[in-house]
There are 4 protein chains.
Amino acid sequence: MRIGFLGVGAMGDGMARNLSKAGHKVAAFNRTRERAEALASDGVRVADTVRDACEDAELVVSVLADDRAIEEIVFGGDAFLTTLAPGAVHACMATISVAMGRRLAEAHTAAGRGYVSAPVFGRPPAAAAAKLFIVAAGEDAALSRCQPAFEAMGQRTFTVGRDPVAANIVKIGGNFMLASAIETLGEAFALTRSYGIDPEQFLEVLTQTIFPGPVYQNYGGMVARDVYEPAGFKLALGLKDVGLALSAAQSETVPMPIASVVRDRYLTALARGYQDLDWAALGRVCAEDAGLVGKR
Amino acid sequence: MRIGFLGVGAMGDGMARNLSKAGHKVAAFNRTRERAEALASDGVRVADTVRDACEDAELVVSVLADDRAIEEIVFGGDAFLTTLAPGAVHACMATISVAMGRRLAEAHTAAGRGYVSAPVFGRPPAAAAAKLFIVAAGEDAALSRCQPAFEAMGQRTFTVGRDPVAANIVKIGGNFMLASAIETLGEAFALTRSYGIDPEQFLEVLTQTIFPGPVYQNYGGMVARDVYEPAGFKLALGLKDVGLALSAAQSETVPMPIASVVRDRYLTALARGYQDLDWAALGRVCAEDAGLVGKR
Amino acid sequence: MRIGFLGVGAMGDGMARNLSKAGHKVAAFNRTRERAEALASDGVRVADTVRDACEDAELVVSVLADDRAIEEIVFGGDAFLTTLAPGAVHACMATISVAMGRRLAEAHTAAGRGYVSAPVFGRPPAAAAAKLFIVAAGEDAALSRCQPAFEAMGQRTFTVGRDPVAANIVKIGGNFMLASAIETLGEAFALTRSYGIDPEQFLEVLTQTIFPGPVYQNYGGMVARDVYEPAGFKLALGLKDVGLALSAAQSETVPMPIASVVRDRYLTALARGYQDLDWAALGRVCAEDAGLVGKR
Amino acid sequence: MRIGFLGVGAMGDGMARNLSKAGHKVAAFNRTRERAEALASDGVRVADTVRDACEDAELVVSVLADDRAIEEIVFGGDAFLTTLAPGAVHACMATISVAMGRRLAEAHTAAGRGYVSAPVFGRPPAAAAAKLFIVAAGEDAALSRCQPAFEAMGQRTFTVGRDPVAANIVKIGGNFMLASAIETLGEAFALTRSYGIDPEQFLEVLTQTIFPGPVYQNYGGMVARDVYEPAGFKLALGLKDVGLALSAAQSETVPMPIASVVRDRYLTALARGYQDLDWAALGRVCAEDAGLVGKR
């Protein structure tokens, strides 16, 4: 399949390579051209422009940073929608707002182009290893077009409905749960540490009993060791994602007090200059606010 | 080993049976005598009084409901501590406050009796199946005495220190994390449900990707189905346990804003009459406060 | 002075009349024309269009509902900025976001027109009685132009700086404090009511001792009597204003946990259908969540 | 009237002097005897023991620090209740828990002694100036006995019921509102300061418009100047009082999310070592968490 790929950052890099390795003809565009050029070793062609990447693609996969990047590329001056071939499908795989998700869906429908929303769970190593979990929503025909690509990038695809927005909200809900788990870990470690419990021992009890799985293992480990670099997912993006949840919730009058707490913690973390640490650095804020810094 | 067993409620029932089945000579006392009599089928002797259960025991295991029950039995008029034989060990396996944990430890030491704090993770079915996770702390000699009993009741024992209070705080921290996970699930399901996402589908995505394991499976299932009966752990006890966390945290000046949110939610749930539902019924409060009741 | 007046809702009605009564030549435009026509009795001329109201005005006063209304009128197709005479000044007296306040200031400067931000404290009766408190910011010359108008509409003007945004943020901060005082009253009345304290008596103690003044008198009275109609300021607008505070705070990494709580309460209130009650109806949410409804 | 006075701390000092100056025969007991001796200049007799102060008193006024001090003096070994003459009345004027208030009321009734709960609003200078506001509850006869004493100490007495606990809960509710107002000020000043607003100017706008009165003037001034010494009311006591509110609320299933936030802030403040600053030092916590320290 001819695939145009927009945005080869930390996630997109592995995804585009895996598409190419699976035999697809991938043309990748990236604002910072060097990032795209690095993919040549895996057979990916570097596109000079969005148009160059997309105009004869059967499928366009985008992994753009945020609503603003999508605004520019899809709704900017370059007529992205009409650049797409009439039968092409666009799969937006980034974590974006419900509002932008809805706007994209409507614009593609109005332009007669296929559209699938397909955000993923997984961090860069999972993207590189084709182990992503993909949450997809869209019309059946559009989803079918994406299927071979999803298989090349992920370990499993969950289809959650025909309305593309469904996939956005599932992803937003999941990320909220991750951020909440991080803050919860931060508070629990601050509590137990204040009583002299060895963090590694507490972590072992948690992960060997009630909270198995890599999420608690990874984030719990960061909090236990107070080490938040290198950042797999930057703290400033955590605030963005909790904001997506709060904003989506407000539209439907859903109070989310835990999300509010997490948002306030992220702001505190930013005010302390932690924007480039991993988003698990809420654990440090919890420890500091308990007066535990230096007692570690 | 001769074991006195105090408190055969939902948890103690399975625990005492498993001790007996493992070959120990168990004498059980329970305020409501009928509950103890039911254990006769597994070879447990019914004790008429606390003294009867404990005076010639090598190990006393207590699973009493709360601080108040311990206050009465251990510090009440019956001279519990001197009833214990000088070389005996008392293993307190209930979830109690740090303050009571400390008081018990000090009183046993002062009286020259052995003491181990050993709360458990697991619900009644796990107790019946000898699949509990036991978190234990105490002096080595006292822990050794308990070891055969722990092996008969649980699947694994985690030793977290010599100061018995360490086990209390680890258990309290773990229960706080469970309550927080429940409220988080409640908010996430309210959010996704408000966008028309099928709760079972959302549950599948969560538990098959980032949140594996029985905790999210069980509580997530309750929230997804809005079914909170029968209660494995009553909501009123959830408030008690979050209170234990907040109280322990306050003594060491540890702010726990998530715990505060969860506490407020439990109060709201109690005001709505949900005290006898499972403590996962925070999910219903979340749905109600989002105006989702009746839309299910 | 020739004054163009845009937006004669509940607040603008009294303000425009007072300008006219003070001898100014007022031309008022309102989307719903009838509202403007009602002002004829006080000598206000009805303008057919924004242009008609503004093109020969020395001062334009706008009291538009929200950012969206401003977007349409100021940045919409009608070239508002160039409609203003070169020496004219625009005083924006509505409660708007910091972002919109900044955009307005910059756009006027770029177009070479004067701009003052001048939101007010006071409800419609205060507007009618020329008893508003005006918080103004802008360049000296522009402020001087506004002075006679401010004197006709308010009892006092506070000048808080040259950057117009300063007035927006002071107003947003004040409104946050009002919303917080309301939620605080709601919680305090729920607490005392749950102990059988007569709400009127509690109100008397508060307002005669530590919390004098009309804010606590008015909102406390609504909460004490559980009467939230007619709405002086609708609850849906309360959510909007707390949102302005949270949004402004986020830009500068200022955590506001009280604002977060109030936001969640407003969402709960909206989910219960209270959008048209006075924003003091948080008091009802507090009472309901404490199980006090029906015990009143 | 012969009056026994227990506890002449910062508040009791002025109160006891004013009773003496009004012509009553006052005998004062204080743990630290020097504090009582200082009152001799105003005609107060120093009592050597509680018994010495109370045994022939017609009225006993106590202003003890907290529940623990009351526990010791009233329920300790010295038979306080039978020390009181049969017709005597005890007026407890401290801020205590509802639980202790209830226990005191019941114990006095059981012992056949009169009891009035009468906490006050006002800080030490108001106590010295006989300007306290007194919130009283109790049986009519007991209240009548107190009346001349209340007149000598306060500017006004509010009677809120026959059940003494009513006065405790009104006081607790009022103190919660003060603590909430402080945190609200802290957040509002952090917000406006982050936009460069002069704190004194913001304070002026607030206190001259929507928030008149000494509470906002005093606490707002502390926050605006970031000066929290000398402490009129120590921060550690603020945590205690919010705890009284949360505890009283929990008994009646009243959620108080604002109180929860304030409690968390006080814990953070204590962890930073602010226990001896004025309880308005939450303002500093707010500024610090917004990264504003050093920008002042």
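Further up the page is the structure itself.
Before going into details, it helps to say that this report is about the structure given with it. Residue positions are given per chain, counting from 1 as you read along its sequence in written order. Chain letters start at A and ligand numbers start at 1, both assigned in the order the entries are written. The predicted origin of the model limits local features to residues at a pLDDT of at least 70 and limits the giving and counting of side-chain atom pairs to 80 or more, whereas totals for whole chains, interfaces and linings rest on all residues. Only heavy atoms go into the side-chain values, all of them from the structure, while hydrogens and water stay out.

Concerning helix α14 (residues 282–289) of chain B
Since the α-helix advances by 3.6 residues per turn, residues separated by three or four positions end up pointing in the same direction.
No. 1: Residue burial is assigned from relative accessible area. The probe radius is 1.4 Å, only protein chains are included, and a residue is buried under 20% of its type maximum, exposed over 50%, and partly exposed in between. Numbered from the N terminus, helices here are DSSP runs of H or I no shorter than four residues, and strands are runs of E no shorter than two. For α14 of chain B, a buried count of seven out of eight residues is recorded, marking the element as mostly surrounded by other parts of the structure.
No. 2: For α14 of chain B, every residue scored as buried is listed here: Leu282, Gly283, Arg284, Val285, Cys286, Ala287 and Asp289 of chain B.
No. 3: Any two residues having at least one pair of non-hydrogen atoms within 4.5 Å are treated as being in contact. Structurally, α14 of chain B contributes buried residues whose contacts are with α9 (165–194), α11 (214–225), α12 (235–251) and α13 (257–271) of chain B together with α13 (257–271) and α14 (282–289) of chain C.
No. 4: Gly291 of chain B occupies a position one or two residues after α14 of chain B and carries a positive phi of about 75°.

Let's talk about the relation of the copies chain B and chain D
No. 1: The superposition of copies rests on a least-squares fit of C-alpha positions from residues with pLDDT of 70 or more in both. Superposing chain B onto chain D takes a rotation of 180° plus a shift of 0.0 Å along the axis, which leaves an RMSD of 0.0 Å. Taken together, the rotation angle and the small translation identify this as a two-fold axis. Of every C-alpha in chain B, the one belonging to Ser260 of chain B sits nearest the axis of rotation, 2.9 Å from it.
No. 2: In this assembly, 100% of the residues forming the interface of chain B have copies in chain D that are likewise at the interface, indicating an isologous arrangement.

Concerning the relation of the copies chain B and chain A
No. 1: Here chain B sits on chain A after a turn of 180° about the axis and a move of 0.0 Å along it, with an RMSD of 0.0 Å.
No. 2: Take the interface residues of chain B: 100% of them recur as interface residues in chain A, which is what a same-surface contact looks like.

Notes on the interface of chain B and chain D
No. 1: At the junction of the two partners, chain B supplies 15 residues and chain D supplies 15 residues.
No. 2: Accessible area, probed at 1.4 Å, shrinks when two parts are joined; the buried area is that loss added up over both. Summing both partners gives a buried area of about 1300 Å² for chain B against chain D, and 56% of it is carried by carbon and sulfur.
No. 3: In terms of surface lost to chain D, no three residues of chain B exceed Gln250, Thr253 and Arg263 of chain B, which account for 37% of the buried area on that side.
No. 4: What counts as a salt bridge is simple: a side-chain nitrogen of Lys or Arg found within 4 Å of a carboxyl oxygen of Asp or Glu. Inspection of the chain B/chain D interface yields zero salt bridges.
No. 5: Pairs of N or O atoms within 3.5 Å make up the polar contacts considered here, provided that, within protein, one atom can donate a hydrogen while the other can accept it, and that residues adjacent in sequence are counted only when both atoms are side-chain atoms. Run the count over chain B and chain D and you get six residue pairs in polar contact (both at pLDDT 80 or more).
No. 6: Residue assignment for the side of chain B that touches chain D shows that the elements contributing at least two residues are α12 and α13 of chain B.
No. 7: Here the side of chain B that touches chain D takes eight residues from α13 of chain B, the largest share from any one element.
No. 8: When residues are sorted by character, Ala, Val, Leu, Ile, Met, Phe, Trp, Tyr, Cys and Pro go into the nonpolar class, Asp, Glu, Lys and Arg into the charged class, and all the rest, Gly among them, into the polar class. Here the side of chain B that touches chain D is composed, by residue class, of nine nonpolar, four polar and two charged.

Keep in mind these numbers describe shape, not what the thing actually does.
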